[in-house]
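Fold and geometry: a report
Okay, here's what each chain looks like letter by letter:
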Amino acid sequence: MTSDKIQTWDTIIPEVKSWKERGEKVVFTNGCFDILHLGHADYLEKSRSLGDRLIVGLNTDASVRKLKGPERPVNPEYARARILAALEFVDAVILFDEDTPFELISHVIPDILVKGDDYKIENIVGADIVMKHGGEVKTISLVDGFSTTGIIGKIKTHNK
């Protein structure tokens, strides 16, 4: 079941250890992934191509509300986690409640940390931890014209 890919902070550690013992590179990225769209699929697939395993840190509903406002998320955290877990190139999904994934990244210590190219590497949360442990931090080009905020805006405009 794809729901088995939804991990806890405790269950991910033995999984990561096992992957690394087999010589697999572990990639980590994070986000809200509220309304999954082409931009998300492209970004996640490119992220996975940088290594052998992809872990997605997923903001909880409370965390999304803090970041995006009271009308978000559109989809609840379990639904967002299941949809991400259903993607073949996602190996694990872990919810985090903090404002940033700093503690989760410190917990997982991936080999490669990835964000979109709208970030500068020096501003990526957790970059220092990953590099301190010999890992890499990379950015991925984003697909123009796709964002959850844009999709919500289009829906609101069409419903007027």
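Refer to the structure presented above.
Cut-offs applied
Residues numbered from 1 in each chain as written. Predicted model: local features only at pLDDT ≥ 70, side-chain atom pairs only at ≥ 80, totals over all residues. Heavy atoms only, no water. Helix = DSSP H or I, 4+ residues; strand = E, 2+ residues; numbered from the N terminus. Rg over C-alpha atoms; globule rule 2.2 N^0.38 Å. Buried < 20%, exposed > 50% of the residue type's maximum accessible area, 1.4 Å probe, protein only. Pairing = 2+ DSSP bridges. Right-handed = clockwise from strand over helix to strand, strands pointing away. Arc of directions from axis to C-beta. Contact = heavy atoms within 4.5 Å. Salt bridge = Lys/Arg side-chain N within 4 Å of Asp/Glu carboxyl O. Polar contact = N/O pair within 3.5 Å; in protein donor to acceptor, adjacent residues only side chain to side chain.

**Some points on the overall build of the protein chain**
Helix and strand counts for the protein chain come out as seven helices and six strands. Along the protein chain, from the amino end to the carboxyl end, the secondary structure elements read β-α-β-α-β-α-α-β-α-β-α-β-α. A compact globule built from 160 residues would reach a C-alpha radius of gyration of about 15 Å, and the protein chain, at 15 Å, matches this within 12%. Dimensions of the protein chain along its principal axes, counting C-alpha atoms only, are 55 × 35 × 25 Å.

**What about the pairing of strand S3 (residues 53–59)?**
Counting buried positions over the seven residues of S3 gives seven, a clear majority of the element. Residues Arg-53, Ile-55, Gly-57 and Asn-59 line one face of S3 and the alternating positions Leu-54, Val-56 and Leu-58 line the opposite face, and both faces are buried. Bridge count between strand S2 (residues 26–31) and S3: six bridges; the pairing is parallel. Paired with Thr-29 across the strands is Val-56, a residue of S3. Considered for its hand, the β-α-β crossover made up of S2, helix H2 (residues 38–48) and S3 is right-handed. Relative to strand S4 (residues 92–96), S3 is paired through five bridges, and the arrangement is parallel.

**Quick notes on helix H4 (residues 77–85)**
Buried within H4 are the following residues: Arg-80, Ala-81, Leu-84 and Ala-85. Angular distribution of buried residues about the axis of H4 spans 130°; they occupy a single face of the element. In this structure, the buried side of H4 is in contact with strand S1 (6–7), H2, S3, helix H3 (61–68) and S4.

**Quick look at the environment of Arg-82**
Along the chain, Arg-82 falls in helix H4. Between the C-alpha atom of Arg-82 and that of Lys-160, which follows or precedes it by 78 residues, the distance is 31 Å. Leave out the neighbours within four places in its chain, and Arg-82 touches Met-1, Thr-2, Ser-3 and Ile-6.

**Considering the pattern of salt bridges**
Evaluation of the coordinates by the stated rule reveals 11 salt bridges. The salt bridge partner of Asp-42 is Lys-46, with a shortest N-O separation of 2.8 Å. One end of the pair is Asp-42 and the other is Lys-46, both in helix H2 and four residues apart, which spans about a single turn. A relative accessible area of 31% places Lys-46 in the partly exposed class. Between Lys-138 and Glu-136 there is a salt bridge, with its nearest N and O atoms 3.4 Å apart. Judged by its relative accessible area of 37%, Glu-136 falls in the partly exposed class. Put simply, Arg-22, Glu-24, Arg-48, Arg-53 and Asp-91 are held in one network by salt bridges that share partners.

**Quick notes on the environment of Ser-141**
Relative to the helices and strands, Ser-141 is located in the loop between strand S6 (136–140) and helix H7 (148–158). Along the primary structure Ser-141 and Lys-46 are separated by 95 residues, whereas in three dimensions their C-alpha atoms are 8.9 Å apart. Sequence-distant contacts of Ser-141, defined by excluding residues within four places in its chain, comprise Asp-42, Lys-46 and Asp-117. A distance of 3.4 Å separates polar atoms of two side chains, one belonging to Ser-141 and the other to Lys-46.

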